[in-house]
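Summary of the model geometry
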Amino acid sequence: MADSVVLNRQSYCKILLHVFKYPHCALNGLLLAQKQKGKESKPPHIVDTVPLFHLNIGLTPMMEVALSQVDAYCRAKNLVIAGYYQANESFTANSPDLVSCRVTEKIAEHFGDAVLLMVENDKLKSEVENAAFTVYSVHDGKAKKRDVHKVQVQGAGTAAAITATLLATKQHWQLVDFDNHLDDVSLDWTNADVCEKIRCAL
Amino acid sequence: MLRKFRDDNDRRSEEVVEIYEECLTSKMNKLGNEKWLVYEQVCLAALDCSRQDIAQKCLSALRHQFPDSSRVKKLAAMQHESLGSYERAIRIYDSLQHQDESSSSVRKRRISILHAAGKTSDAIVELNAYLKQFMSDYEAWMELCDLYISENDYAKASYCMEEVLLSNPHNHLYHQRYADIRYTQGTIDNMELARAHYSQAVALNCNNVRAMYGLFLSASNIASAPKSTVQRKRDNIKYAMWAANQIHERYQKLNKENDTQMKAVDDMLESLQFATVN
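Residues numbered from 1 in each chain as written. Chains lettered and ligands numbered in written order. Predicted model: local features only at pLDDT ≥ 70, side-chain atom pairs only at ≥ 80, totals over all residues. Heavy atoms only, no water.

Moving on, we get to the overall build of chain A. A count of helices and strands for chain A gives 6 helices and 8 strands. Relative to its 202 residues, chain A shows a buried fraction of 58%. If you take every contact in chain A between residues at least 6 apart in sequence, the share linking residues at least 24 apart comes to 70%. Accessible area for chain A stands at about 8500 Å²; split by element, carbon and sulfur atoms hold 53% of it. (Helix = DSSP H or I, 4+ residues; strand = E, 2+ residues; numbered from the N terminus. Buried < 20%, exposed > 50% of the residue type's maximum accessible area, 1.4 Å probe, protein only. Contact = heavy atoms within 4.5 Å. Areas by Shrake-Rupley, 256 points an atom, 1.4 Å probe, with all protein chains shown as cover.)

What the rule picks out here adds up to 7 aromatic pairs over all chains. Here the aromatic rings of Tyr130(B) and Phe134(B) are separated by 4.7 Å at their centres, their planes lie at 25°, and the arrangement is stacked. When sorted by exposure, Tyr130(B) lands in the same class as Phe134(B), which is buried. An aromatic cluster is present here, built from Phe53(A), Tyr73(A), Phe178(A) and Trp189(A) joined pairwise through their rings. A cation over an aromatic ring shows up here: Lys170(A) above the ring of Trp173(A), its NZ or CZ 5.4 Å from the ring centre. (Phe/Tyr/Trp six-rings, centres within 6.5 Å; stacked < 30°, edge-to-face > 60°. Lys NZ or Arg CZ within 6 Å of the ring centre and 35° of its normal.)

Looking now at the interface of chain A and chain B. At the interface, 35 residues of chain A touch 31 residues of chain B. Summing both partners gives a buried area of about 2800 Å² for chain A against chain B, and 57% of it is carried by carbon and sulfur. The partner of Arg210(B) in a salt bridge is Asp179(A), and the shortest N-O contact between them spans 2.8 Å. Here chain A is connected to chain B by 9 residue pairs in polar contact (both at pLDDT 80 or more). For the side of chain A that touches chain B, the secondary-structure elements that each account for two or more residues are helix 2 (61-77), helix 3 (98-110) and helix 5 (178-183) of chain A. With 10 residues, the single largest contributor to the side of chain A that touches chain B is helix 2 of chain A. (Buried area = accessible area lost by both parts, 1.4 Å probe. Salt bridge = Lys/Arg side-chain N within 4 Å of Asp/Glu carboxyl O. Polar contact = N/O pair within 3.5 Å; in protein donor to acceptor, adjacent residues only side chain to side chain.)

The residues that UniProt annotates with the feature "domain: EMC2 TPR-like" (unreviewed entry) are residues 72-182 of chain B. End C-alpha atoms of residues 72-182 of chain B are separated by 42 Å, and the span's content is 82% helix alongside 0% strand. (UniProt positions renumbered as here; feature names shortened; annotations may be inferred.)

By secondary structure assignment, the location of Ser158(B) is in helix 10 (residues 154-167). With sequence-adjacent residues up to four places away left out, Ser158(B) is seen in contact with Tyr178(B), Ile181(B), Arg182(B) and Gln185(B).

Take a look at the structure:
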């Protein structure tokens, strides 16, 4: 059982852009890691994220659709679903609810080191990059809290700077989540455009 | 443009504040009587974005023009809310409610304070009391439904949604949401209900992709349930196949270079179909 998690800059940026696009909604998404042969890497190294829902995160059918599609996408790209992130609706509510635990436990059935990342709404404003998330992990099928400091963002300083630039140029309105995709299937939930912008900003 | 946002009830606060800052600050007086509506709108948007400076400016302008208006007082209370002083906000709402018992928006604000303060169960109790008086407020029923979902009380959530459905049986989104809830509840009977309402949603609007996926999933689920009769299985496989083809067509029409996504959709449809046939 790994006891920390590493986020690369792209996944960090995409989570924050999602949060800033829908500041008044509860929202969630998936964390993807590179697939490792044999022993799983420690700590899990998150290389990408898929923003999922903001309209209603408590209902299962579209979650099933999203999970199976992202899973198929991962298989094609040699990735694996390694975790789940959620930001609650209320400004002060940072603890995971039943839905987030269930989904993470489900992911853990396929990926032992699955993590649950809760966005701490009230800490988003401050410049401290790592503290805006709390990590939970799955032990014996139950999600448990981990030490906050174990979230590492690769190049944390630049990641925050890039996010700021992207926000200033309104890129968060370009970010597509699975809800947007279901409204209009021509929209791309892998967000190739936004990822490209993040890469350019590096 | 601001008028359009206002009429459509779009919550695009960030843009509203931006428009105000960029072009309206100096030209407010040219708007004539619409000025006050714009002030109200910008004030709300500013509160949403936590731009207290702008909110304060709009609020004082409105207060100057309408010193006794309950609408302006409500805005002032909302300003307290956004600053986190819920008690002061509630005090204002109390006095407003005292003046006008039938004001529904004031009561709704009080409920939303409870919700914001994290007291979901209290909010549910209040909202139920409110709905006893304002039974035809379908937005409130929707809100109650969402609250129940956040509490994972799906049975009560579906009851609320039934109320909403009765109000407007021709809205495909209501059917789809109701089916979503039934599907989440998960027994075979609920699946049947979900499938029926997904079908209705698709019939009302064939572009509702969520309902299409829902129809596919619920039909597959029923078909693969061990208790289903042979006839029922055959029917549901047929429904699932139909929905799968529809979804496939939707994606193919786009005909994009986006192959991985197309493949992801096909993989999913195939794997689930496989499960049902076996």
